Amino acid sequence: EFDERTKRFLGLDMNVDIMYVVELKIDGVSISIRYENLEMTQGATRGDGFQGDDVTGNVRTIRNIPLKLRETPGKGTRIEVRGEIYLPRNAFKELNREREKNGETLFANPRNAAAGSLKLLNPAITATRPLSSFFYAVGVTDYNLPGTHWEILDFLQELGLCINQNRWLCKNIEEVIRISEEWESKRDSLDYETDGLVIKVNDRSLYERLGTTAKSPRWVTAYKFSTEQAQTRLVDIRLQVGRTGTVTPVAVLEPVFLAGSNISRATLHNEDEIRRKDIRIGDQVIIEKGGEVIPKVVGVIASLRTGKEEPFAFPDKCPECGSPLFRSEQEVAIRCQNASCPGQIRERLHHFASRDAMDIEGLGDALIQQLVEKGLVRDFGDLYGLSMETVAQLERMAEKSATNLIEAIDKSRKRTLSSFIFALGIRYVGHQSAKALARHFQSFENLEQASKEDIESVEGVGSVMAESIYNFLSNTENRKMAEKLFAAGVAPSREESDLKIPEEKSSFFTGKTCVLTGTLSSMERSKAKIEIEKRGGRVAESVSKKTDYVIAGEKAGSKRDKARALNIPILDEKMFLEKLEGR
């Protein structure tokens, strides 16, 4: 599918071969290192893609990462290199043996050990742990780079960086598939963790033509190895109420070790899944980590049943508040519709305080449980009325920890607009869509006043998400909650990632909403969008009465038809280019 999609975007015949580079996907911690005039100046983790942790001091202690690069022909003055830092398997076992001897908590897997070692405050301790690295990409640089990815890997090696020698230059997708099948069983022979392969188009001149999706470049894909599974007994089924009221069944398991950690719980998704798989309390079940992160029950071993297993009956009342449960005909989820349900309040607070949201460090599950049970916090706004004295009286809290929490709450008043939108827990709104909304509307007030059509015009926001956002912001109680937060001093700020591209002087596109459709021969659609936004315009995904112009390239379809029906002006590519040039 990846091969066919790549050829389709490039306009190639399906019989034409594309050369790919295949590399092992290292299960470690992503790192970016900047060198200026060959000297290392900074090392940072990837974080959320916009902001990571500065770990320069610790990176300097890793033996196979050079403090100074080798000189190469055609070198520049600065280069950012990207790679993965990992802990070898043997080193991981030795580290855990040492921690066990000292009575310390053991690391669950090599990746966690590498991440913990990299973020230690004392580089001297990091230096005692045999971290290692592989590099595979170049970021910002003024070096003259070679034209293929295979040569980029050679170039990184020439600079003195460590490159994984398990890499292959494949003349077609058939060779890629062969290597994928071969390494499914060979991965366990390595002294480091790998969870798959990364496949990249070798010819770097094709990258711009292929472009990117909202999440990743189109010239690369990851192939994940089959997921590890384990067998255990399902002891019980409990219900968990989420922040949107969804009641999710959770399997309580006899603990079993799987993919680096002990598993005692796994999701059962919903009532329909339990019935479809005929899962019963007492069953021997097979579990795996979905995406190697979230444990799930994939099936039962019916042949091992003794007759004592009990079928599970979903209740008709919420396990947290006793309110009637409701199921819409349009979805499989069963929901508690009581907005004051303690289970929902706890989960909403947990989401609100999470790192990508308001980032309130120290507000964990146990503390949230106490705050809700004692009636100290009933909504987000109540957090900002807490005092150090009140928090210090709670179980397992003291003056120092209470002071740290109040300081973290106070600091969260200045979180970015995108983080604030995400923190509200609007259904379907993830971190990336919150960023898109923040970039588009620039303030929460603008978002509150937007119509459903305005919201849907934001790139990456579909009709279902737009309706959810509009309904949430139209709700009187939600508006009161937002006002309570603002009255408490919460003032979402804008950061560089939330801002639009700076506008040039007033132009034809200033203040106009445009929709792009069809293929432009002169530029990629993403480039056209940037050019419009640079001139003060806005690009929407769908045509509505508020659209000012539709720009139609070759093979324009339903968007052009809708523009004609609404009498919206249509610009062909020639007219569009003329308007860009100010003619």
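Residues numbered from 1 in each chain as written. Predicted model: local features only at pLDDT ≥ 70, side-chain atom pairs only at ≥ 80, totals over all residues. Heavy atoms only, no water.

## Topic: the overall build of the protein
Worth spelling out the cut-off: Only DSSP runs of H or I with at least four residues qualify as helices, and only runs of E with at least two residues qualify as strands; both kinds are numbered from the N terminus onward. We take the radius of gyration over the C-alpha atoms and set the globule estimate at 2.2 Å times the residue count to the 0.38 power. Residue burial is assigned from relative accessible area. The probe radius is 1.4 Å, only protein chains are included, and a residue is buried under 20% of its type maximum, exposed over 50%, and partly exposed in between. The contact definition used throughout considers only heavy atoms, calling two residues in contact when any of these lie within 4.5 Å. The charge count includes Lys and Arg as positive and Asp and Glu as negative, but it does not include His or the ends of the chains. Charged side chains are reduced to one point each, which is NZ for Lys, CZ for Arg, CG for Asp and CD for Glu.
For the protein, the count of helices and strands is 23 helices and 21 strands. In terms of overall dimensions, the protein is globule-like: its C-alpha atoms have a radius of gyration of 27 Å, near the 25 Å expected for 583 residues. Every one of the 583 residues in the protein was classed for burial, and the buried ones make up 45%. A sequence separation of at least 24 residues applies to 64% of the contacts in the protein between residues at least 6 apart. Of the charged side chains in the protein, 85 are positive and 88 negative; the average position of the first set lies 2 Å away from that of the second.

## Examining the sheet that holds strand β1 (residues 20-26)
To keep things clear, this is the line we draw: Whether two strands pair depends on DSSP finding at least two bridges between them. Fitting a line to C-alpha atoms yields each axis, with helices limited to the stretch in contact; the angle taken between N-to-C directions then spans 0 to 180 degrees.
Taking strand neighbours across the sheet as the criterion, the four strands line up as β6-β1-β7-β8 in an open arrangement whose pairing is antiparallel. Among the strands making up the open sheet, the edge pair consists of β6 (167-170) and β8 (220-224). Averaged over all adjacent pairs, the angle separating strand axes in this sheet is 25°, with direction ignored. Pairing between β1 and strand β7 (residues 194-201): seven bridges, direction antiparallel.

## Description of the packing of helix α10 (residues 342-353) against helix α11 (residues 365-373)
When two helices pack together, their arrangement is given by the angle between the helix axes and by the axis-to-axis distance. This is how the line gets drawn: Under this scheme an angle from 65 to 115 degrees is roughly perpendicular, one under 35 degrees roughly parallel, and one over 145 degrees roughly antiparallel; angles in between are oblique. Left-handed describes a crossing in which the near helix is turned anticlockwise from the far one by less than a right angle; the clockwise case is right-handed.
Where α10 contacts α11, the axes come no closer than 10 Å and their chain directions differ by 135°. Judged on the interaxial angle alone, α11 and α10 are oblique. The handedness of the crossing between α10 and α11 comes out as right-handed. Contact residues: Pro342, Ile345, Arg346, Leu349 and His350 in α10; Asp365, Ile368, Gln369 and Val372 in α11.

## A closer look at the sheet that holds strand β4 (residues 78-86)
Strands pair in a sheet through their backbones, by hydrogen bonds, and they do so in one of two ways: parallel or antiparallel. Taken together, four strands build an open sheet; the order of strands is β3-β2-β4-β5 and the sheet is antiparallel. Each edge of the open sheet is held by one strand with a lone partner, namely β3 (39-45) and β5 (132-141). Strand-to-strand twist in this sheet, taken as the mean axis angle between neighbours without regard to direction, amounts to 25°.

## Notes on helix α6 (residues 149-158)
Keep this limit in mind: Read the arc as the range of directions from the helix axis to the C-beta atoms.
Within the sequence span of α6, burial applies to His149, Ile152, Leu153, Phe155 and Leu156. For α6, the arc enclosing every buried residue in end-on projection is 160°, short of the 170-degree limit, so these residues lie on one face. Taken together, the buried residues of α6 touch β1, β4, β5, β6, β7 and α8 (207-210).

## Some remarks on the nonpolar core
Filter applied, for reference: Nonpolar cores are built from buried Ala, Val, Leu, Ile, Met, Phe, Trp, Tyr and Cys residues. Side-chain atoms within 4.5 Å join them into one set.
Membership of the largest hydrophobic core comes to 52 residues, with the highest contact counts inside it found for Ile360, Leu437 and Ile469. Excluding anything up to four places from it in sequence, Leu437 contacts Ile421, Val429, Gln442, Leu447, Ile455, Val458, Val461 and Ile469. Core analysis: the next-biggest nonpolar cluster, separate from the first, contains 35 residues, Leu69, Val81, Ala114 and Leu131 among them.

## What to know about the pattern of salt bridges
Threshold: Each reported salt bridge corresponds to a side-chain nitrogen of Lys or Arg within 4 Å of a carboxyl oxygen of Asp or Glu.
Under the definition given, this model contains 36 salt bridges. Glu182 is the partner of Lys186 in a salt bridge, and the nearest nitrogen-oxygen pair spans 3.2 Å. Linking Lys186 with Glu182, this pair stays in helix α7 (residues 173-186), spanning four residues, or about one helical turn. A salt bridge links Asp561 to Arg564, with the shortest nitrogen-to-oxygen separation between them at 4.0 Å. One end of the pair, Asp561, and the other, Arg564, are both in helix α22 (residues 558-565), three residues apart, so they sit about a helical turn from each other.

## So, the environment of Asp191
Rules: Definition of a polar contact: a pair of N or O atoms within 3.5 Å, with one able to donate and the other able to accept a hydrogen when the atoms are protein atoms, and with sequence-neighbouring residues admitted only if both atoms are side-chain atoms.
Within the fold, Asp191 resides in the loop between α7 and β7. A sequence separation of 163 residues divides Asp191 from Gly28, and the C-alpha atoms of the two residues are 13 Å apart. At 3.2 Å, the side chain of Asp191 and the backbone nitrogen of Asn90 are in polar contact.

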